[in-house]
Amino acid sequence: MSTQITITNPPQKPFNSFKSIINAKKKHLTYAQTTKRSYRNHTTEPVEPHTKIKSFLGAAGGVGISTALIARKQKLPLKNPLNIFKLKYGIPEMMAISGLGIIGGVLGGLIGSKKKKEKIDEGVFQFMNATVPLLAVHPVTKIIDNSKYKNNLPLRVGAILAALLAGMKLAAAISNKINDPNDKVPDRKLTLIDSVANIDDAVGAFAVAKIPVISQLEKILPFIFVWCGYRAGQSN
């Protein structure tokens, strides 16, 4: 007499079933939705290592050339690399370094890339966000310096932050107009969170703000602008 044994799968627990659904949904999310850093860096898919390297080298090359020219103009010996921390910055110097750094990063990232327009668009945004807030903050500091409130630190900080945010909003609007003149795609909006996330682009504005401690940021401006150029070049 034979005995037939039937093996049945144990019933799946409701919680495990729920987890399976969640995991299945996660697999269908885009890279931009699942990676927090992707929005800040404006990437919709993982960036290839060679693109990162080319973007960084391009940005570093652009910043290196511009800082060397400025150092020579300011009669600082090029033989000493530490002289990069002794550069004096005005608006022309900041625009030159940020511009060449971003151009270099974009050109490096474009090599062998199919995402050409995305990188150029991001380069425009980075440059505008590095220069327009600077141009907005500079006259505000001049007005305060020539007023009876020049030693009022809370007023200075508040006015500079207001000018900075207004400049970043204007930079986004100008970028949208340049990148999409016929308004074929939705404009790139700049919320308060976006402004905080992209504050490194506008760090030059702090350097000219003459706020104690914060104004010392000018010493690391070349490195900030290398980062801005790198971000533009690896954007996709």
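What you are looking at is a predicted structure, and each value in this text was computed from that prediction instead of being measured. (Residues numbered from 1 in each chain as written. Predicted model: local features only at pLDDT ≥ 70, side-chain atom pairs only at ≥ 80, totals over all residues. Heavy atoms only, no water.)

S.K.: Lay out the packing of helix α5 (residues 91-110) against helix α10 (residues 221-234) in plain terms, naming residues and giving numbers.
M.R.: Packing of α5 against α10 brings their axes to within 7 Å, and their N-to-C directions diverge by 35°. α10 is crossed by α5, and the crossing has right-handed handedness. For the pair α5 and α10, contact is made by M94, I97, S98, G101, I102, G105, V106 and G109 and by L221, P222, F225, C228, G229, A232 and G233, respectively. For the contact of α5 with α10, the residue count by class is nine nonpolar, six polar and no charged. (Axes fitted to C-alpha atoms, helices over the stretch in contact; angles between N-to-C directions. Helix = DSSP H or I, 4+ residues; strand = E, 2+ residues; numbered from the N terminus. Left-handed = near helix turned anticlockwise from the far one by under 90°. Contact = heavy atoms within 4.5 Å. Nonpolar A, V, L, I, M, F, W, Y, C, P; charged D, E, K, R; others polar.)

S.K.: Pulling in residues and values, what's your account of the environment of K219?
M.R.: Considering the arrangement of structural elements, one finds K219 in the loop between α9 (203-207) and α10. Taking relative accessible area as the criterion, K219 reaches 36% and is therefore assigned partly exposed. Sequence-wise, K219 and A207 are 12 residues apart; in three dimensions their C-alpha atoms are separated by 8.7 Å. Sequence-distant contacts of K219, that is, excluding residues within four places in its chain, are made with I84 and F85. (Buried < 20%, exposed > 50% of the residue type's maximum accessible area, 1.4 Å probe, protein only.)

S.K.: Quick one: what's the story with helix α7 (residues 153-179), residue by residue and with numbers?
M.R.: Helix length check: α7, at 27 residues, gives a terminal C-alpha distance of 38 Å against a target of 39 Å (1.5 Å per residue), a fit within 8%. By the burial criterion, the buried members of α7 are R156, I160, A163, L164, G167, M168, A171, A172, S175, N176 and N179. One side-chain oxygen of the residue at the start of α7 lies 3.1 Å from the amide nitrogen of L155, identifying that residue as N152. (Expected span 1.5 Å × (residues − 1). Polar contact = N/O pair within 3.5 Å; in protein donor to acceptor, adjacent residues only side chain to side chain.)

S.K.: Can you lay out the nonpolar core for me, pointing to particular residues and giving the numbers?
M.R.: By size, the foremost hydrophobic cluster in this structure holds 34 residues, and its most contacted members are M94, V137, L164 and L221. Within the residue set of this core, elements represented by two or more residues are α4 (49-73), α5, α6 (116-145), α7, α9 and α10. Filtering out sequence-adjacent residues up to four positions away, M94 remains in contact with Y89, L134, G204, A207, V208, L221 and F225. (Core = buried A, V, L, I, M, F, W, Y, C linked by side-chain atoms within 4.5 Å.)

S.K.: Describe unusual backbone geometry, naming the residues involved and giving the relevant values.
M.R.: Across residues other than glycine, the phi torsion is negative in most instances, and most of the peptide bonds are trans. Even without being a glycine, K75 presents a positive backbone phi close to 60°. Among the residues examined, K75 registers a relative accessible area of 74% and is labelled exposed.

S.K.: Summarise the environment of V226; cite the residues concerned and give the values.
M.R.: Within the secondary structure, V226 sits in helix α10. Relative accessible area serves as the criterion here: at 13%, V226 is assigned to the buried category. The spatial distance from the C-alpha of V226 to the C-alpha of L100 is 9.3 Å, given a sequence separation of 126 residues. Dropping the residues within four chain positions of it, V226 is found in contact with F56, A59, A60 and V63.

S.K.: Go over the side chain of S113, please, and point to the residues and values.
M.R.: Note that S113 resides in the loop between α5 and α6. Classification of S113 as buried rests on a relative accessible area of 13%. Within the structure, S113 has its side chain in polar contact with the backbone nitrogen of K115 (distance 3.1 Å).

S.K.: Outline the packing of aromatic side chains, listing residues and values.
M.R.: One pass over the full model with this rule turns up two aromatic pairs. Seen in terms of ring centroids, W227 and Y230 are 5.5 Å apart; in terms of plane orientation they differ by 25°. Their pairing is stacked. A residue pair is termed a helical-turn pair when its members lie 3 or 4 positions apart in one helix, as W227 and Y230 do in helix α10 at three residues. By relative accessible area, which is 30% here, W227 ends up partly exposed. (Phe/Tyr/Trp six-rings, centres within 6.5 Å; stacked < 30°, edge-to-face > 60°.)

S.K.: Mind laying out α5, listing which residues take part and the relevant values?
M.R.: Helix length check: α5, at 20 residues, gives a terminal C-alpha distance of 28 Å against a target of 28 Å (1.5 Å per residue), a fit within 8%. Most of α5 sits inside the fold, with 14 of its 20 residues counted as buried. Taken from the residues just after α5, G112 is the one with a positive phi, measuring 70°.

S.K.: Which residues make up the pattern of salt bridges, and what values go with them?
M.R.: Tallied over the entire structure, the rule returns two salt bridges. D121 is paired through a salt bridge with K117; the nearest N and O atoms lie 2.7 Å apart. Of the two residues, D121 and K117 are both situated in helix α6; the distance of four residues between them amounts to about one turn of the helix. You can call K117 partly exposed: its relative accessible area is 47%. (Salt bridge = Lys/Arg side-chain N within 4 Å of Asp/Glu carboxyl O.)

S.K.: Can you break down the confidence of the model for the protein chain residue by residue, with the values?
M.R.: Considering every residue of the protein chain, the mean pLDDT works out to 78; 74% of them sit at 70 or more. Scored below 50 in pLDDT, residues 14-36 shows 12 contacts in the model against residues more than four places distant or in partner chains. (pLDDT = per-residue confidence, 0-100.)

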